[in-house]
Amino acid sequence: MISDGMTADQILQMYRDDVNKLAAFLPYLQSKQGDRVSSIYADDGLQEHSVAVPVYDGNLMSFIKTADATSFMDRNYRYVYTRNRLRSAEDELAFIEKATIFQMDMMGGILSNYVLGGRTKARLWSEGVRNGVFYKLVDKMKELVDFWTNAERKEI
């Protein structure tokens, strides 16, 4: 993976700004865990005669757009899933719980699965919020960045 052979300081430099951008969405992600963040557009009986079009919460779309612009996005995210035997949201959450700063790119792979995969399977965006994966990912990333930033200051 990307961070193989990198020091914690190098990883911190690489991801700190992106994590801080995503951390701005933590209150929203926490408040929406378990809730629906999308609906089906059905004005004037349109749903009966056409394809269902999902409508997403504006904050979710802002989060997706912000996440899509970070260095976490990796088109080869499937390797993270096969390498770590991740098959369900429970597996993802367990992996996130145990992750260290040296697995930041792998957490980015999980984020990529939901963000990039959501382009073709739009339900993934809603699932990421509902099952708490987005919140746990960003929270863990923020926790690791804060810990290593403080450790970096103590060394000086």
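For the structure itself, consult the block above.
The shown structure was predicted, so the numbers you read here are calculated from the model rather than taken from an experiment.

Peer 1: I'm lost on the pattern of salt bridges in this one. Help?
Peer 2: The full count for this structure, using the stated rule, is five salt bridges. For the salt bridge of glutamate 127 with arginine 123, the shortest nitrogen-to-oxygen distance reads 2.9 Å. Placement of both glutamate 127 and arginine 123 in helix H8 (residues 123-130) is noted, with a separation of four residues, approximately one turn of the helix. On the basis of relative accessible area, glutamate 127 is assigned to the partly exposed category, the value being 22%. The shortest N-O distance in the salt bridge between lysine 140 and glutamate 143 comes to 3.8 Å. Taken as a pair, lysine 140 and glutamate 143 lie in helix H9 (residues 133-155) at a separation of three residues, close to a single helical turn. Exposure remark for glutamate 143: the relative accessible area of 43% places this residue in the partly exposed category.

Peer 1: What is the right way to look at the packing of aromatic side chains in this model?
Peer 2: Ring pairs (aromatic) are described by centroid distance and by the angle formed between their planes. Tallied over the full model, the rule gives six aromatic pairs. Centroid distance phenylalanine 147 to tryptophan 148: 5.7 Å. Interplanar angle 85°. Geometry classified as edge-to-face. Taken together, the ring pairs connect Phe25, Phe63, Tyr114 and Phe134 into an aromatic cluster. Over the aromatic face of tyrosine 81 sits the side chain of arginine 78, whose NZ or CZ is 4.9 Å from the ring centroid.

Peer 1: Explain helix H7 (residues 104-117) here, please?
Peer 2: Since the α-helix turns once every 3.6 residues, residues separated by three or four places project in the same direction. With 14 residues, H7 extends 19 Å from end C-alpha to end C-alpha; this agrees with the ideal 20 Å at 1.5 Å per step. Where H7 bends most, at leucine 111, the angle is about 30°. In terms of burial, H7 is largely enclosed, as 14 of its 14 residues are buried.

Peer 1: Just to check I follow, could you spell out the packing of H7 against H8 for this structure?
Peer 2: Each pair of packed helices can be described by the angle between their axes along with the distance between the axes. Interaxial distance between H7 and H8 falls to 7 Å at its minimum, and their mutual angle equals 140°. Comparing their axes, H8 and H7 come out oblique. Residue-level inspection shows Asn113, Tyr114, Val115 and Gly117 of H7 in contact with H8, the latter providing Leu124, Trp125, Glu127 and Gly128.

Parameters and conventions
- Residues numbered from 1 in each chain as written.
- Predicted model: local features only at pLDDT ≥ 70, side-chain atom pairs only at ≥ 80, totals over all residues.
- Heavy atoms only, no water.
- Salt bridge = Lys/Arg side-chain N within 4 Å of Asp/Glu carboxyl O.
- Helix = DSSP H or I, 4+ residues; strand = E, 2+ residues; numbered from the N terminus.
- Buried < 20%, exposed > 50% of the residue type's maximum accessible area, 1.4 Å probe, protein only.
- Phe/Tyr/Trp six-rings, centres within 6.5 Å; stacked < 30°, edge-to-face > 60°.
- Lys NZ or Arg CZ within 6 Å of the ring centre and 35° of its normal.
- Expected span 1.5 Å × (residues − 1).
- Bend = angle between axes of the 7 residues up to and from the residue.
- Axes fitted to C-alpha atoms, helices over the stretch in contact; angles between N-to-C directions.
- Parallel < 35°, antiparallel > 145°, perpendicular 65-115°, else oblique.
- Contact = heavy atoms within 4.5 Å.

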